[in-house]
Amino acid sequence: MTIRFVLMVNKQGQTRLAQYYEYLTLEERRALEGEIVRKCLARTEQQCSFVEHRNYKVVYRRYASLFFLVGVDNDENELAILEFIHLLVETMDRHFGNVCELDIMFHLEKAHFMLEEMVMNGCIVETSKSNILTPIQLMEKSS
């Protein structure tokens, strides 16, 4: 699996978390985020959660006030990426207790840490919620 980027965006289109697994300049990132976010937010709930944009396939899902967008290669399995998004949300829910936009804003480093535990160099390497959360819980105990 090759994940190119993960974005968490609110309903107004403001990026709350961005993680890229390929090099893009800040201008390219800003332009890409703007285009993709506008495209995904404009879609209705009756439309599918997959969008092709440039050389990416974007898989997205809305949970409460947050949109989770994952950009992958065109040959990726969309349903597997939807399952990855669901796992990410379930993991954050377990840690934060029903994750919301404020949890991401005030605990951005923890959200990045969870994502880094799950994805390495664009490949999903960990799917166990307890294995993902154990290092965070150990850090919290020591501080």
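Structure's up top.
Nothing here was measured: the structure is a model prediction, and the numbers come from that model. (Residues numbered from 1 in each chain as written. Predicted model: local features only at pLDDT ≥ 70, side-chain atom pairs only at ≥ 80, totals over all residues. Heavy atoms only, no water.)

Undergrad: What is the right way to look at the packing of aromatic side chains in this model?
TA: Here the distance between the centres and the angle between the planes together describe a pair of aromatic rings. Under the criterion given, the structure shown has three aromatic pairs. Look at Phe5 and Tyr20: their rings are 5.9 Å apart centre to centre, the planes differ by 40°, and that puts the pair in the tilted class. Note that Phe5 is positioned in strand 1 (residues 3-10) and Tyr20 in strand 2 (residues 15-20), a separation of 15 residues in sequence. Under the relative-accessibility criterion, Phe5 is labelled buried at 0%. Centroid distance Tyr63 to Phe68: 5.8 Å. Interplanar angle 85°. Geometry classified as edge-to-face. When its relative accessible area of 19% is taken as the criterion, Tyr63 is described as buried. With relative accessibility at 2%, the residue Phe68 sits in the buried group. Put simply, the rings of Phe5, Tyr20 and Tyr56 pair up and form one aromatic cluster. (Phe/Tyr/Trp six-rings, centres within 6.5 Å; stacked < 30°, edge-to-face > 60°. Helix = DSSP H or I, 4+ residues; strand = E, 2+ residues; numbered from the N terminus. Buried < 20%, exposed > 50% of the residue type's maximum accessible area, 1.4 Å probe, protein only.)

Undergrad: Quick question: what am I supposed to make of the nonpolar core here?
TA: Nonpolar side chains in soluble globular proteins tend to end up buried together. The biggest cluster of nonpolar side chains holds 30 residues, and the ones touching the most others in it are Ile3, Phe84, Ile85 and Met92. Secondary-structure elements contributing two or more residues to this core are strand 1, strand 4 (56-63), strand 5 (66-72), helix 2 (78-96), helix 4 (108-118) and helix 5 (129-142). If one sorts the elements of this core by residue count, helix 2 sits on top with nine residues. What Ile3 contacts, discounting residues up to four positions off in sequence, is Tyr21, Val70, Gly71, Val72, Ile81, Phe84, Val119, Gly122 and Ile124. (Core = buried A, V, L, I, M, F, W, Y, C linked by side-chain atoms within 4.5 Å. Contact = heavy atoms within 4.5 Å.)

Undergrad: What is the right way to read a nonpolar patch on the surface from this model?
TA: A grouping of Leu102, Met105 and Phe106 is seen on the molecular surface, where their side chains present a nonpolar patch of about 320 Å² in accessible area. Note on Phe106: relative accessible area 59%, which makes it exposed. (Patch = residues over 30% accessible without salt bridge, like charges linked within 9 Å, V, L, I, M, F, W, Y side chains within 5 Å. Areas by Shrake-Rupley, 256 points an atom, 1.4 Å probe, with all protein chains shown as cover. Salt bridge = Lys/Arg side-chain N within 4 Å of Asp/Glu carboxyl O.)

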